[in-house]
Amino acid sequence: GWLWENDFQTAGMVILLGIWAGVLLLKNGLPLNRKIFLILIGAGSGLSFIAEMVALHGDIGRMNVVFKSYLLVWLFFSITAGAILSTIWESIRSWKTGWVWIGALGVLMIASSAYPLIGTLARIEDRWPDVQSPPLTLNGMSFMNGDNDEKGDGLQSAVYMEQQTPLRLADDYRAFLWIRSNIEGTPTIVEGHTGEYRWGSRYSVYTGLPTVVGWSWHLRQHNVVLPGSVVEKRIADVNNFYNTTSQSEALEFLERYQVILIVVGDLERAIYSEAGLAKFAQMAARGDLEIVYPESGLIAPVNIFAVP
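Since the model is a prediction, treat every value here as computed from it, not as a measurement.

**Some words on the overall build of the chain**
Of regular secondary structure, the chain possesses 12 helices and six strands. Taking 308 residues into account, the globule formula puts the C-alpha radius of gyration at 19 Å, and the chain, at 27 Å, lies well above it. Residue burial in the chain is summarised as follows: out of 308 residues, 36% are buried. As displayed, the chain has an accessible area near 18,500 Å², and 62% of this comes from carbon and sulfur atoms. Where the 22 positive side-chain charges of the chain centre and where its 29 negative ones centre are 11 Å apart.

**Describing the packing of helix H9 (residues 228-243) against helix H10 (residues 247-256)**
Where H9 meets H10, the axes come as close as 10 Å, and the angle between the chain directions of the two elements is 140°. When the interaxial angle is binned, H9 and H10 end up oblique. Along this stretch, H9 crosses H10, giving a crossing that reads as left-handed. Here Lys233, Asp237, Val238, Asn240 and Phe241 of H9 come into contact with H10, specifically with Glu249, Ala250, Phe253, Leu254 and Arg256.

**As for the nonpolar core**
For soluble globular proteins, nonpolar side chains are generally found buried alongside one another. Counting residues in hydrophobic clusters, the biggest one holds 48 residues, and the most contacted among them are Val190, Trp199, Phe241, Tyr242, Phe253, Ile262 and Phe280. With six residues, the single largest contributor to this core is helix H6 (residues 169-182). If we skip the residues at most four places from it in the chain, Phe253 touches Val190, Val212, Asp237, Val238, Phe241 and Val259.

**Points about the packing of aromatic side chains**
Two aromatic rings are characterised by how far apart their centres lie and by the angle between their planes. The final tally for this structure, using the stated rule, is 15 aromatic pairs. Here Trp95 and Trp101 contribute two aromatic rings whose centre-to-centre distance is 6.4 Å and whose plane-to-plane angle is 80°, an arrangement assigned as edge-to-face. Take Trp101: its relative accessible area is 51%, and that puts it in the exposed class. Centre to centre, the rings of Tyr160 and Trp199 are 6.5 Å apart; their planes meet at 35°, and the pair counts as tilted.

**Remarks on the environment of Leu25**
Assignment of secondary structure puts Leu25 in helix H2 (residues 9-25). The spacing of Leu25 and Ile39 is 14 residues in sequence and 7.8 Å in space, taken between C-alpha atoms. With sequence-adjacent residues up to four places away left out, Leu25 is seen in contact with Leu30, Lys35, Leu38 and Ile39.

**Describing the packing of H2 against helix H3 (residues 32-53)**
Where H2 meets H3, the closest approach of the two axes is 8 Å, and the angle between their N-to-C directions is 155°. Viewed along their axes, H2 and H3 adopt a mutual orientation that is roughly antiparallel. Once H2 is placed against H3, the crossing between them reads as left-handed. For the pair H2 and H3, contact is made by Thr10, Ala11, Val14, Ile15, Leu17, Gly18, Trp20, Ala21, Leu24 and Leu25 and by Lys35, Leu38, Ile39, Ile41, Gly42, Ser45, Ser48, Phe49, Glu52 and Met53, respectively.

**Some words on the sheet that holds strand E4 (residues 259-264)**
Spatial strand order, E3-E4-E6-E5: four strands in an open sheet with mixed pairing. One side of each edge strand has no neighbouring strand; the edge strands of this open sheet are strand E3 (188-190) and strand E5 (290-293). Strand-to-strand twist in this sheet, taken as the mean axis angle between neighbours without regard to direction, amounts to 35°. Here four bridges tie E4 to strand E6 (residues 303-306), and the two strands are oriented antiparallel to one another. Across the sheet, Val263 pairs through a bridge with Ile304, a residue of E6.

**Side note on a nonpolar patch on the surface**
On the surface, Ile15, Ile19, Val23, Phe49, Ile50, Met53, Val54 and Leu56 cluster together to form a nonpolar patch covering roughly 660 Å² of accessible area. Among the secondary structure elements, those contributing two or more residues to the nonpolar patch are H2 and H3. Mapped onto the fold, Ile15 is located in helix H2.

**Considering helix H5 (residues 98-125)**
Quick reminder: α-helices carry 3.6 residues per turn. Residues three or four places apart thus point the same way. Its 28 residues give H5 an end-to-end C-alpha distance of 41 Å, which sits within 8% of 40 Å, the value for a rise of 1.5 Å per residue. Of all bends in H5, the biggest is about 30°, found at Tyr115, and the proline Pro116 comes one to four residues later.

**Focus on the side chain of Thr194**
Residue position: Thr194 is located in the loop between E3 and helix H7 (202-207). With relative accessibility at 8%, the residue Thr194 sits in the buried group. At 3.1 Å, the side chain of Thr194 and the backbone nitrogen of Gly200 are in polar contact. Excluding residues within four positions of it along the chain, Thr194 makes contact with Glu162, Trp199, Gly200, Leu267 and Ile271.

Criteria and cut-off values
- Residues numbered from 1 in each chain as written.
- Predicted model: local features only at pLDDT ≥ 70, side-chain atom pairs only at ≥ 80, totals over all residues.
- Heavy atoms only, no water.
- Helix = DSSP H or I, 4+ residues; strand = E, 2+ residues; numbered from the N terminus.
- Rg over C-alpha atoms; globule rule 2.2 N^0.38 Å.
- Buried < 20%, exposed > 50% of the residue type's maximum accessible area, 1.4 Å probe, protein only.
- Areas by Shrake-Rupley, 256 points an atom, 1.4 Å probe, with all protein chains shown as cover.
- Lys, Arg positive; Asp, Glu negative; His and termini not counted.
- Charge placed at Lys NZ, Arg CZ, Asp CG, Glu CD.
- Axes fitted to C-alpha atoms, helices over the stretch in contact; angles between N-to-C directions.
- Parallel < 35°, antiparallel > 145°, perpendicular 65-115°, else oblique.
- Left-handed = near helix turned anticlockwise from the far one by under 90°.
- Contact = heavy atoms within 4.5 Å.
- Core = buried A, V, L, I, M, F, W, Y, C linked by side-chain atoms within 4.5 Å.
- Phe/Tyr/Trp six-rings, centres within 6.5 Å; stacked < 30°, edge-to-face > 60°.
- Pairing = 2+ DSSP bridges.
- Patch = residues over 30% accessible without salt bridge, like charges linked within 9 Å, V, L, I, M, F, W, Y side chains within 5 Å.
- Salt bridge = Lys/Arg side-chain N within 4 Å of Asp/Glu carboxyl O.
- Expected span 1.5 Å × (residues − 1).
- Bend = angle between axes of the 7 residues up to and from the residue.
- Polar contact = N/O pair within 3.5 Å; in protein donor to acceptor, adjacent residues only side chain to side chain.

By themselves, these are just geometric observations and shouldn't be taken as functional.
So this is what it looks like as structure tokens:
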């Protein structure tokens with residue numbers, strides 16, 4: 001009753017399912033394969049209960065608890081469902097009411113198979129803002145070019161708003177392709193830092209090159225033995241690197257983190273000071289840096305500077 005009153009219906013259902021699996025598991029003479037099925041059902045029920053009742057501090061709306069736990073739950077239940085169905089199929093056909101169970105199974109299968117069609121159509125309708133005719137492709141970068149841009153020239157670029165500043169994603173798209181075609185090895189890059197689920201870390205994401213600091217929360221999760229202050233220090237260093245007008249501070253940063261490529265695009269111009277960004281062109285004029293993108297060496301919507 002308490003579970004239902006407090007909107008924990010799923011937790012109540014999996015408790016009953018887990019108890020049922022435990023009782024059957026205690027039966028004498030049960031074949032090994034059926035014991036394995038029941039253990040998997042019990043494990044799936046237990047994980048479901050934990051996911052419904054436990055919340056980790058700092059998680060994004062319990063997303064990681066639910067997502068990571070239910071991946072295993074779906075795996076356990078799908079294995080057991082398929083195995084059990086194959087085991088009892090012949091028995092069901094011999095039952096007087098077997099047609100009822102087979103009909104119910106058919107309805108469930110039709111309902112579940114409808115999702116790929118309905119879900120795909122819904123996802124197609126969930127378009128990038130102001131993009132009416134997105135490219136129909138499996139290329140995960142093509143959305144940046146906007147409306148069905150088969151040539152990839154970005155004339156109809158998708159636009160992302162960062163602090164009231166529009167960012168033309170097609171400009172980054174062309175820079176991604178240039179890096180992937182022209183940069184050898186895995187040089188460290190530095191790019192603007194933002195919070196999660198924004199356009200920050202985009203060069204590391206789309207080129208695979210290491211960056212000074214990526215998503216703050218992911219870095220903390222993947223390096224749990226390190227104190228969070230290590231990540232915070234890197235974020236502060238990146239922000240200061242872009243904002244400072246001191247060229248000596250910038251050079252010290254590049255040496256400390258062994259950075260080879262520096263990204264200055266619309267995102268960096270949106271979140272960092274104009275005076276701080278101006279030093280990169282000055283450093284290039286002095287020979288401390290080199291403009292490698294675009295290959296004309298001119299200041300452009302996206303510039304990539306390299307440490308000679």
